[in-house]
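# Structural features, examined
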Amino acid sequence: MLCDFHTHTSLSDGVLSPIELIRRAVVNSYDAIALTDHAGPGTMERIIRETVTACALARSHWNILAIPGIELTHLPPQSIDDAARQAKEAGAWLVIVHGETIVEPVEKGTNLAALHSSHVDILAHPGLLTLEEAQQAASRGIFLEISARHGHCLTNGHVAALAQKAGAQLLLNSDTHSESDLLTTSLANAIIKGSGLDAAACHQVRHVNPQPLIQKLHSH
Ligand SMILES: [Zn+2]
Ligand SMILES: [Zn+2]
C-alpha cells in the first residue's frame, strides 16, 4: 500500500496541475494521495474548490483515493483553529498544519496550536518537537509527519524517537512539489528506516496508521 497525505500543485508552489499530479500518482501505483496546497484565510476557498473538483474527477475514473486537503502555512498560531474549521466547512477532507520545521521561520507556538485544534488531522514536519507536543499529538489522535522533503527531513530521527516515546502515530509523506518527489515503496521504506525506526514500526507507519485516517476520509 502506498499512501501520501501531503503534496503541492500549481494551486500553490507545486509544478503540476492537480489532475496531472494525481495522474502521476496513479502511474506510480499510489493507493491514496492528498492534495494539500499552501493556504490560509482568503486563499483557501478557491484552492479547496478547485482541489475538490479535480479529486472527484480522478476518483470517478481512476483507481485511486484522491483526497482534497489543505496545508495551513505560516499563519499566526492564534488563527489556526478558526482557519482549520473554515477549511473543513469549505470542503477540505484533510487539514494539515505546516509545523515548526527548522529550515523556515515558522512562528513558535504553531505546533501546539495545531495540536489543540480538533479540525487538524496532521502536523507536518514538526521540527524540534517537544515531548509535551508529542504527548498532545498522542492524546488528540493527531498524526505527526516523517518528511521526505529536503530540509524538513533533517529532524525526522528526533520526531520519530519522540513519537515512539509518547505513543503518537506517525505518517510518512512526500511533501511533493514536482513529479520527481513522489514516493515509491522502496524510497518510503528507506526514509522510515533512516529515521531510526525498526521493521515493525516501519510496517506500522506505512500500513497500519493510514487505515483509520482513510476510513474517516471515506465517510465523505
Ligand atoms: Zn511548498
Ligand atoms: Zn509544509
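This text follows the structure it describes.
Residues numbered from 1 in each chain as written. Chains lettered and ligands numbered in written order. Predicted model: local features only at pLDDT ≥ 70, side-chain atom pairs only at ≥ 80, totals over all residues. Heavy atoms only, no water.

### Some details on the side chain of Thr101
Keep this limit in mind: Secondary structure elements are taken from DSSP: a helix is a run of H or I of four residues or more, a strand is a run of E of two residues or more, and numbering for both begins at the N terminus. Burial classes: relative accessible area under 20% of the type maximum marks a residue as buried, over 50% as exposed, and values in between as partly exposed (1.4 Å probe, protein chains only). In protein, a polar contact means a hydrogen-donor-capable atom and an acceptor-capable atom, both N or O and within 3.5 Å, with residues adjacent in sequence counting only if both atoms are side-chain atoms; elsewhere, any N or O pair within 3.5 Å suffices. What makes two residues a contact is simply this: any of their non-hydrogen atoms within 4.5 Å.
Note that Thr101 resides in the loop between strand S4 (94-98) and helix H4 (110-115). Residue class for Thr101 comes out buried when judged on its relative accessible area of 4%. Within the structure, Thr101 has its side chain in polar contact with the backbone nitrogen of Val103 (distance 3.3 Å). In this view, Thr101 contacts Val106, His125, Pro126, Gly127 and His152; residues no more than four positions away in its chain are not counted.

### Topic: unusual backbone geometry
We note that Ser29 has phi near 65°; this positive angle belongs to a residue other than glycine. Inspection of the secondary structure assignment puts Ser29 in the loop between helix H1 (18-27) and strand S2 (32-39). The phi torsion at His74 lies on the positive side, around 55°, for a residue other than glycine. Among the secondary structure elements, His74 is positioned in the loop between strand S3 (65-72) and helix H3 (80-89).

### Thoughts on the coordination of the zinc ion (ligand 2)
Put simply, the test is: Any N, O or S atom lying within 2.8 Å of the metal counts as a donor, with the limit raised to 3.2 Å for Na, K and Ca; because water is left out of the atom set, some sites can appear incomplete.
Around the zinc ion (ligand 2), the protein supplies Glu71 (OE), His98 (ND1) and His125 (NE2) as donor atoms, at distances of 2.0 to 2.1 Å. Along the chain, the residues donating to the zinc ion (ligand 2) fall in the pattern E-x26-H-x26-H. Taken as a pair, the zinc ion (ligand 2) and the zinc ion (ligand 1) show a spacing of 5.8 Å. Here Glu71 is found in strand S3, whereas its partner His125 is found in the loop between strand S5 (122-124) and helix H5 (131-140), with 54 residues between them in sequence. Residue classification places Glu71 among the buried residues on the basis of a relative accessible area of 0%.

### A short note on the pattern of salt bridges
Quick reminder of the rule: A side-chain nitrogen of Lys or Arg and a carboxyl oxygen of Asp or Glu constitute a salt bridge if their distance falls within 4 Å.
Scanning the model with the defined rule gives seven salt bridges in all. A salt bridge links Lys216 to Asp121, with the nearest nitrogen and oxygen atoms 2.9 Å apart. In this pair, Lys216 is assigned in helix H9 (residues 210-218) and Asp121 in the loop between H4 and S5, connecting sequence segments 95 residues apart. The class of Lys216 is partly exposed, set by a relative accessible area of 47%. Taken together, the salt bridges that share partners define one network made up of Asp82, Arg85 and Glu89.

### Notes on the sheet that holds S5
By way of backbone hydrogen bonds, the strands of a sheet pair with one another, either parallel or antiparallel. Here is the rule: Pairing between two strands is assigned when DSSP locates at least 2 bridges connecting them. Orientation is described by lines fitted to C-alpha atoms, with helices fitted over the stretch in contact, and by angles between N-to-C directions that extend from 0 to 180 degrees.
Across the sheet, which stays open at both edges, the seven strands sit in the order S1-S2-S3-S4-S5-S6-S7 with parallel pairing between neighbours. The outermost strands of the open sheet, each flanked by one partner alone, are strand S1 (3-4) and strand S7 (170-173). Each of S2 and S3 is contacted by helix H2 (residues 44-61), which is oriented at about 165° to S3, the strand it contacts most. Those strands touched by H3 are S3 and S4, and its axis lies near 150° from that of S4.

### Observations concerning the pairing of S7
Test applied: A right-handed crossover is one whose linking path, passing over the helix from the first strand to the second, runs clockwise when the strands point away from the viewer.
Alternating residues of S7 divide into Leu170 and Leu172 and Leu171 and Asn173, and every residue in both groups is buried. Note that strand S6 (residues 143-147) and S7 share four bridges and pair parallel. Paired with Leu144 across the strands is Leu170, a residue of S7. Handedness of the crossover joining S6 and S7 through helix H6 (residues 156-166) is recorded here as right-handed.

### Overview of the coordination of the zinc ion (ligand 1)
Stated formally: Four donors are marked tetrahedral only if all angles between them lie between 85 and 135 degrees, whereas four are marked square planar and six octahedral if opposite donors are more than 155 degrees apart and the other angles lie between 65 and 115; the remainder are marked irregular.
The protein atoms donating to the zinc ion (ligand 1) are Asp13 (OD), Asp13 (OD), His38 (NE2) and His177 (NE2), with metal-donor distances spanning 2.0 to 2.7 Å. One way to put it: the four donor atoms around the zinc ion (ligand 1) meet at angles of 52 to 130°, and that makes the site irregular. Using a relative accessible area of 19% as the deciding quantity, one classes His38 as buried.

### With respect to the environment of Gly99
The residue Gly99 is located in the loop between S4 and H4 in this model. Accessibility expressed as a relative area gives 0% for Gly99, which makes it buried. Along the backbone, Gly99 and Leu144 are 45 residues apart, and their C-alpha atoms lie at a distance of 9.6 Å. Contacts of Gly99, omitting those with residues within four sequence positions, involve Val106, Thr110, Asn111, Leu123, Ala124, His125 and Pro126.

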